[in-house]
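# Chain and residue survey
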Amino acid sequence: MQNIVHFEPITPKNYDSYIEVGIQAYNQHYLHLWPNGNSLPYIQRSFTRVILEKEQKDDNTILFRILSNLKAVGVLKLTINASLPPFSESEALCIDKIYILNEHSGKGIGKKVLQFVMLRAKEMHKKIVWLDTMQKGPAQDFYLKNGFEIHSETKVTFPTVIEDESSMWVMVKRC
């Protein structure tokens, strides 16, 4: 079966699915960041109806469910105008979240997500797309293989994150 991927902007009707898939995918990939595997500090700031309602009202944010063969398999959050020196807000788009369920990894979905984002960025006349990714784990290699370069170093900003796990790269791809 061909893997047909599309991107559905979220609406109040699909909030619950976005939240469910987002939490599940996040926890599959990032529980190791949190003492006792308690990701609640992040979940409460990222995956609640109140947060989604606020983000949807923000003209600088676009949220999508990632669908594969009409099934929700991930979530995507874009910040449309997100400066990254030396690039201004109008020149840069940030992939704030790209979380895909483990059982759908390795099927080309992530690559299609990046192609979709790059197309959107070009339509908006952006010069770069950027994101933060963990220094440990497979994501860094995935982004490098897809044309991203390391720009700088950063850290997860939540105070309760395990320090040894908090190192991140800021990665950039030119449009």
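Residues numbered from 1 in each chain as written. Predicted model: local features only at pLDDT ≥ 70, side-chain atom pairs only at ≥ 80, totals over all residues. Heavy atoms only, no water.

### Points about the overall build of the protein chain
What counts is decided by this rule: Only runs of H or I of at least four residues qualify as helices and only runs of E of at least two qualify as strands under DSSP, and these elements are numbered from the N terminus. Only C-alpha atoms enter the radius of gyration; for comparison, a globular chain is expected to reach 2.2 Å times N to the power 0.38, where N is the number of residues. Note on exposure labels: buried denotes an accessible area under 20% of the residue type's maximum, exposed denotes more than 50%, and partly exposed covers the range between, all computed with a 1.4 Å probe on protein chains only.
Counting secondary structure elements, the protein chain contains five helices and seven strands. N-terminal to C-terminal, the α/β element order of the protein chain is β-α-α-α-β-β-β-α-β-α-β-β. Here the protein chain has a C-alpha radius of gyration of 16 Å; the compact-globule value for 175 residues is 16 Å, and the two agree. Projected onto its principal axes, the C-alpha coordinates of the protein chain cover approximately 40 × 40 × 35 Å. The proportion of buried residues among the 175 residues of the protein chain is 47%.

### Considering the packing of aromatic side chains
Ring pairs (aromatic) are described by centroid distance and by the angle formed between their planes. Using the following cut-off: Only Phe, Tyr and Trp rings are paired, with Trp represented by its six-membered ring, and only when their centres lie within 6.5 Å; those with planes under 30 degrees apart are stacked, over 60 edge-to-face, the remainder tilted. Cation placement over rings: the criterion is NZ of Lys or CZ of Arg within 6 Å of the ring centroid and within 35° of the ring normal.
Applying the stated rule across the entire model yields 14 aromatic pairs. For the ring pair Trp-34 and Phe-158, a centre distance of 5.5 Å and an interplane angle of 70 degrees mean the geometry is edge-to-face. Of this pair, Trp-34 sits in the loop between helix H1 (15–30) and helix H2 (40–46) while Phe-158 sits in the loop between strand E6 (149–155) and strand E7 (167–174); the two residues are 124 residues apart in sequence, bridging distant segments of the chain. Residue class for Trp-34 comes out buried when judged on its relative accessible area of 2%. Between Tyr-42 and Phe-47 the ring centres are 6.3 Å apart and the planes differ by 65 degrees, which places this aromatic pair in the edge-to-face class. Just as Tyr-42 is buried, Phe-47 falls in that class too. Aromatic rings pair up to connect Tyr-18, Tyr-26, Tyr-30, Trp-34, Tyr-42, Phe-47, Tyr-99 and Phe-158 into one cluster. Directly above the aromatic system of Phe-47 lies the positively charged group of Lys-97, at a separation of 5.8 Å from the ring centroid.

### Focus: the pattern of salt bridges
Rule in force here: We define a salt bridge as a contact between a side-chain nitrogen of Lys or Arg and a carboxyl oxygen of Asp or Glu at a distance within 4 Å.
Taken as a whole, this structure holds seven salt bridges when the rule is applied. Across the salt bridge formed by Glu-8 and Arg-65, the nearest N and O atoms sit 2.5 Å from each other. Of this pair, Glu-8 sits in strand E1 (residues 5–9) while Arg-65 sits in strand E2 (residues 61–68), placing them 57 residues apart in sequence. Across the pair Glu-165 and Lys-136 runs a salt bridge, and its minimum N-O distance is 3.6 Å.

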